[in-house]
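Reading the structure
These are the residues of each chain, in order.
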Amino acid sequence: MTPRAPSRTAGTRDSLGYRVFTIVNTALLVGVCLAMLYPFITVIAQSFSSSGAIKAGLVSFWPVGFNTDTYAAVIGNGMFWRNYGNTVLYTVVGTAIAMALTTSYAYVLAKHHLRGRALLIGIAVFTMFFNGGLVPNYVLISSLGMKNTMWAIVLPGAISVFNLLVMKSFFENLPTELEEAAQIDGLGWFGIFTRIVLPLSKAVIATMVLFYSVAFWNDWFGAFLYLDKNELFPVTLFLRNLIAGASTTASESAAVGSTAADLNANIQSVTMILTVIPILCVYPFVQRYFVSGVMLGSVKG
């Protein structure tokens, strides 16, 4: 008679200790998720609440005194949409340039037989700890004629050394046999890079695209320094100026209870929601690559 396989109910998975561990682990993870979601839920609730409820500290998980006047004031501003389009343009162009430079530079650094490789790595790492400073950077951008242009936003941050080193480590982990086989088939280095290496690097590329796009999307200080024309501002700088203007106006006219004072109560919540929505829409599509891309690129096999 054929012996019966051991029942799964007798394994450690169904033991009392494992069940207790599962319950405790689940409870802890749910608690951590709630703790992380609480600030975001509160911001959403405040963005739809009345100024009196916000100032009284009555808003937590649900809007109190439902109010959409601030959303209407921000979205109804024509310059908001102009600057929103600028942000999309800066993010797309900046991320494309950054990925082209980072991937090509990282692939070169991944080749141990390259002459001067240590010097190139040293130059990149040096910039992580030392930079010219704010004034020299401003003088450089101005002297290159990039002030009040898109290039003043997308070029200074084109290469992140952290992203570069992560991608270099990822390329070093790729099997060299694939490149050797491609060379036998007649492919050059550029063909190997575009037709073999990049298709195998979707995970780390998606992760780096997310890093760069978030950085360009949230950046406002570069535009604050190098752009003087309102029609060139990114939406983050527009909203920053809106917050500053609302705060000043509200403080000057709070005594008379003006509309500006009411808008100022939840202007920060509204601006945070409007700027974070696009990133939240993009993140689910690249989230499945995120963990694998970072882990594969940060551990030398």
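Please refer to the structure placed before this passage.
Residues numbered from 1 in each chain as written. Predicted model: local features only at pLDDT ≥ 70, side-chain atom pairs only at ≥ 80, totals over all residues. Heavy atoms only, no water.

**As for the overall build of the chain**
Where we set the bar: Runs of E in the DSSP output that reach at least two residues are strands. Runs of H or I that reach at least four are helices, and both are numbered from the N terminus. We call a residue buried when its accessible area falls under 20% of the maximum for its residue type, exposed when it is over 50%, and partly exposed in between, using a 1.4 Å probe and counting protein chains only. We call two residues in contact when some of their heavy atoms are within 4.5 Å. Per-residue and other accessible areas follow the Shrake-Rupley method at a 1.4 Å probe size, with only the shown protein chains counted as cover for residues.
Summing up its helical and strand segments, the chain has 14 helices and zero strands in all. Reading the chain from its N terminus to its C terminus gives the helix and strand order α-α-α-α-α-α-α-α-α-α-α-α-α-α. Residue burial in the chain is summarised as follows: out of 301 residues, 34% are buried. Sequence separation of at least 24 residues holds for 71% of the intrachain contacts in the chain that already meet a minimum separation of 6. On the chain, roughly 17900 Å² of surface is accessible, and the fraction owed to carbon and sulfur atoms is 69%.

**Examining the packing of aromatic side chains**
Short version of the rule: We call Phe, Tyr and Trp rings a pair once their centres come within 6.5 Å, taking the six-membered ring for Trp, and we label the pair stacked below 30 degrees between planes, edge-to-face above 60, and tilted otherwise.
Tallied over the entire structure, the rule returns 17 aromatic pairs. When the ring of Y38 is compared with that of F61, the centres are 5.1 Å apart and the planes differ by 65°; the resulting orientation is edge-to-face. Within this pair, whereas Y38 is found in helix 1 (residues 16–47), its partner F61 is found in the loop between helix 2 (51–55) and helix 3 (69–75), the two being separated by 23 residues in sequence. Judged by relative accessible area, which is 38%, Y38 ranks as partly exposed. Put simply, the rings of F80, W81, Y84, W217 and F238 touch in pairs and so form one group of aromatic residues.

**Considering the side chain of T275**
The topology assignment puts T275 in helix 14 (residues 259–298). The class of T275 is buried, set by a relative accessible area of 14%. Ignoring any residue separated from it by four or fewer positions in sequence, one finds T275 in contact with W217, T236 and L239.

**Concerning unusual backbone geometry**
For N148, which is not glycine, the phi torsion reads 60° and is therefore positive. Locating N148 in the fold gives a position in the loop between helix 6 (134–143) and helix 7 (151–154).

**A word on a nonpolar patch on the surface**
Test applied: A patch consists of residues whose relative accessible area exceeds 30% and which take part in no salt bridge; residues with like charges are grouped when within 9 Å of each other, and nonpolar side chains (Val, Leu, Ile, Met, Phe, Trp, Tyr) when within 5 Å. A carboxyl oxygen of Asp or Glu within 4 Å of a side-chain nitrogen of Lys or Arg is what we treat as a salt bridge.
Side chains of L134, V135, Y138, V139, W220, F221 and F224 sit close together on the surface and give an oily, nonpolar patch of about 640 Å² of accessible area. If one sorts the elements of the nonpolar patch by residue count, helix 6 sits on top with four residues. Judged by relative accessible area, W220 falls into the partly exposed class, the value being 31%.

**Observations concerning the packing of helix 9 (residues 176–184) against helix 10 (residues 189–197)**
Rule in force here: For every element, the axis is a line fit to its C-alpha atoms; helices are fit only across the contacting stretch, and the angle between N-to-C directions ranges from 0 to 180 degrees. By definition in this entry, angles of less than 35 degrees are roughly parallel, angles greater than 145 are roughly antiparallel, angles of 65 to 115 are roughly perpendicular, and the rest are oblique. Here a crossing is taken to be left-handed if its near helix is turned anticlockwise relative to the far helix by less than a right angle, and right-handed if that turn runs clockwise. Think of it as three bins: nonpolar holds Ala, Val, Leu, Ile, Met, Phe, Trp, Tyr, Cys and Pro, charged holds Asp, Glu, Lys and Arg, and polar takes everything else, Gly as well.
Contact geometry for helix 9 and helix 10: axes closest at 10 Å, N-to-C directions at 125°. Classified by the angle between their axes, helix 9 and helix 10 sit oblique to one another. Along this stretch, helix 9 crosses helix 10, giving a crossing that reads as right-handed. On the side of helix 9, the interface is formed by L178, E179, A182 and Q183, while helix 10 contributes W189, I192, I196 and V197. Here the contact of helix 9 with helix 10 is composed, by residue class, of six nonpolar, one polar and one charged.

**As for the pattern of salt bridges**
For the structure on display, the rule yields four salt bridges. For E172, the salt bridge is made with R117, and the minimal N-O distance between the two is 2.8 Å. Remark: R117 occurs in helix 5 (residues 117–129) and E172 occurs in helix 8 (residues 161–173); sequence separation between them is 55 residues. For the pair E172 and R117, a shared accessibility class is recorded, and that class is buried. We note a salt bridge from K168 to E172, for which the minimum N-O separation is 3.0 Å. Of this pair, K168 and E172 both sit in helix 8, four residues apart, which is roughly one turn of the helix. Linked through salt bridges whose partners overlap, the residues forming this network are R117, K168 and E172.

**Some words on the nonpolar core**
In plain terms, the rule: Here, nonpolar core means buried Ala, Val, Leu, Ile, Met, Phe, Trp, Tyr and Cys residues that are tied together by side-chain atoms lying within 4.5 Å of each other.
Ranked by internal contacts, the top residues of the largest apolar core, which has 32 residues, are M167, F171 and V197. The element that contributes the greatest number of residues to this core is helix 4 (residues 78–109), accounting for seven residues. Once residues lying within four places of it in the same chain are set aside, the contact partners of V197 are Y107, F171, L174, E179 and I192. Y84, W217, V270 and L274 belong to the second-largest nonpolar core, a separate cluster that totals 14 residues.

**A look at helix 4**
As a reminder of what qualifies: Expected helix span is computed as 1.5 Å times (number of residues minus one). Here a polar contact is taken to be a pair of N or O atoms separated by no more than 3.5 Å, where protein atoms must pair a possible hydrogen donor with a possible acceptor and residues adjacent in sequence count only if both atoms sit in side chains.
Along its 32 residues, helix 4 runs 46 Å from first to last C-alpha, staying within 8% of the 46 Å computed at 1.5 Å per residue. The backbone nitrogen of M79 lies 2.9 Å from a side-chain oxygen of the residue at the head of helix 4, namely N77.

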